[in-house]
Amino acid sequence: MTENYYKWHSEHIGRDFEMLVFGDSGYPLILFPTSMGRYYESKDRGLIDSVAWYVNNGHVKIYCPDGIDSMSWYNKQISPAERALNHMCYDAVILNEVIPRAIEETGHHRIAMAGCSFGGYHAANFAFRHPELVSYLFSMSGLFDISSRIDGYYDDNVYYNNPMDFMPDNKHPDLWKMGIVLGAAERDVTLAQNEQFSGILSGKQIQHWLDIRPNTVHDWPVWREMLPHYLSFLKP
């Protein structure tokens, strides 16, 4: 499997940013790390190996950007307003620095987004904020409500990065064109949020699949089963 490491200075966060990319060609997939995770986490945890067939056969090219949760939602040393603002900077990195590379390298004009746990939040939040760029969303045990990370604070940056809040009024037409999978374990700490968010999508008549895996928990083994299954839905 082809593996490339990239490091560059990001003007949006004012520091170096790192990323691993797997594959030579195929549909571009942005795969986010879990909470406080790094760009190499999906490789180290075996998630990349679980989808090696898709990568080696040129069906998908996987981009694993670094996370900055320690600068944003998980940084209790700064105010909630600063946490939200720092996350907006991260959104800008993905939008302006990662996505253009993926589009240029693969020749596709839209991308797929995926992530596990808090990475599922990042994937879903970006997809629903920028549906004109995203054709598939694969959220695995994802979160859709970040109110627990903001200590009761609220502003526009919080609202527009909290899918549970902004999605009911989101009328972007491309939302109805997106292939959406919300995966969760039967004994998942995020199951209630997935069921609630599925209800929001159903209320808007946005087609999606709420995939609840029986006899499983919120952990890597179920995510290594989910992602290969979900990649089978990708269409060139």
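Chains are numbered independently. Their residues run from 1 in the order of the written sequence. Totals for whole chains, interfaces and linings use every residue, but because this is a predicted model, local features are given only for residues with pLDDT of at least 70 and side-chain atom pairs only at 80 or more, for both listing and counting. Processing note: side-chain calculations cover all non-hydrogen atoms of the structure and skip hydrogens and water entirely.

Even after reading the chapter, I still don't get unusual backbone geometry, so can you show me in this structure?
Only a minority of non-glycine residues have a phi that is not negative, and only a minority of peptide bonds are not trans. A positive phi angle, close to 55°, is found at S117, a residue other than glycine. Topologically, S117 is positioned in the loop between β5 (111–116) and α5 (118–129). On the basis of relative accessibility, which here comes to 13%, the residue S117 falls in the buried class. Counting from the N terminus, the helices are DSSP H or I runs at least four residues long and the strands are E runs at least two residues long. Residue burial is assigned from relative accessible area. The probe radius is 1.4 Å, only protein chains are included, and a residue is buried under 20% of its type maximum, exposed over 50%, and partly exposed in between.

Sorry if this is basic, but what is going on with the sheet that holds strand β3 (residues 27–32) here?
Within a sheet, each strand pairs with its neighbour through backbone hydrogen bonds, oriented either parallel or antiparallel. Strand pairing is assigned whenever DSSP detects at least two bridges linking the two strands. Strand order across the open sheet formed by eight strands is β1-β2-β4-β3-β5-β6-β7-β8, with mixed pairing between neighbours. The open sheet is flanked by β1 (3–10) and β8 (209–217), the only strands paired with a single partner. In this sheet, neighbouring strand axes are inclined to one another by 20° on average, regardless of whether the strands run parallel or antiparallel. One ladder, built from eight bridges, connects β1 with strand β2 (residues 15–22); its direction is antiparallel. Bridge assignment links K7 to a residue of β2, and that residue is E18. Any two residues whose heavy atoms approach within 4.5 Å at even a single point are treated as in contact. What counts as an axis is a line fitted to C-alpha atoms, over the stretch in contact for a helix, and the angles between N-to-C directions run from 0 to 180 degrees. Across the sheet, helix α8 (residues 191–203) touches β7 (179–187) and β8, and the angle it forms with β7 is around 150°. Of the strands in this sheet, β3, β4 (60–65), β5, β6 (134–140), β7 and β8 are in contact with helix α9 (residues 220–231), which crosses β8 at around 150°.

Looking at this structure, how should I read the packing of aromatic side chains?
Each pair of aromatic rings is reported with the distance of its centres and the angle of its planes. Aromatic rings from Phe, Tyr and Trp, taking only the six-membered ring of Trp, are treated as a pair when their centres fall within 6.5 Å; an angle between ring planes under 30 degrees marks them as stacked, one over 60 as edge-to-face, and anything in between as tilted. Scanning all chains against the criterion turns up 17 aromatic pairs. Ring geometry for W209 against F233: centres 6.0 Å apart, planes inclined by 70°, an arrangement best described as edge-to-face. Here the residue W209 occupies a position in strand β8, and F233 occupies one in the segment after α9, the gap between them amounting to 24 residues. Residue F233 is classed as partly exposed on the basis of its relative accessible area, which comes to 32%. Ring geometry for W220 versus W223: centroids 5.1 Å apart, planes at 75°, classification edge-to-face. Taken together, the residues W220 and W223, both in helix α9 and three residues apart, mark about one turn of the helix. Of the residues examined, W220 reaches a relative accessible area of 7% and is grouped as buried. On the basis of relative accessible area, W223 is assigned to the buried category, the value being 2%. Site record: aromatic cluster; members linked through ring pairs are Y27, Y136, F138, W209, Y230 and F233.

Help me understand empty space enclosed by the protein in this model?
Think of a ball as big as a water molecule: rolled over the atoms, this probe shows where empty space is left. The pocket and cavity definitions rest on a 1 Å grid over protein atoms only: a 1.4 Å probe that fits but cannot leave marks a cavity, an open set with protein on both sides within 12 Å along at least five of seven lines marks a pocket, and residues lining either have an atom within 4 Å of a point. Grid points are joined across faces, edges and corners, and a volume is the space filled by probe spheres set on the points. Applying the stated criterion to the full structure yields two cavities of 30 Å³ or more. Here the largest cavity is characterised by a volume of approximately 50 Å³. As for the largest cavity, its lining consists of F32, H87, Y90, D91, I94, H122, N125 and F126. If one sorts the elements of the lining of the largest cavity by residue count, helix α4 (residues 80–106) sits on top with four residues. Of the residues assigned to the lining of the largest cavity, the class counts are four nonpolar, three polar and one charged. In this structure, the second largest cavity encloses a volume near 30 Å³. Taken together, P33, T34, M36, G37, G67, I68, D69 and H122 form the lining of the second largest cavity. Tallied by class, the residues present in the lining of the second largest cavity amount to three nonpolar, four polar and one charged. Residue classes follow a fixed rule: Ala, Val, Leu, Ile, Met, Phe, Trp, Tyr, Cys and Pro count as nonpolar, while Asp, Glu, Lys and Arg count as charged, and any other residue, Gly among them, counts as polar.

I keep staring at the environment of S10 and nothing clicks. Help me out?
The residue S10 is located in strand β1 in this model. Since its relative accessible area comes to 0%, S10 is described here as buried. C-alpha of S10 to C-alpha of L20: the two residues are ten residues apart in sequence and 16 Å apart in space. When residues no more than four places from it in sequence are discounted, the contact partners of S10 are R15, F17, V93 and E97. Nitrogen and oxygen atoms within 3.5 Å of one another constitute a polar contact, given that in protein one can donate a hydrogen and the other can accept it, and given that sequence-neighbouring residues count only through two side-chain atoms. Here H12 takes part through its backbone nitrogen, which lies 3.2 Å from a polar atom of the side chain of S10. In this structure the side chain of S10 is engaged in a polar contact, spanning 3.4 Å, whose partner is the backbone nitrogen of I13.

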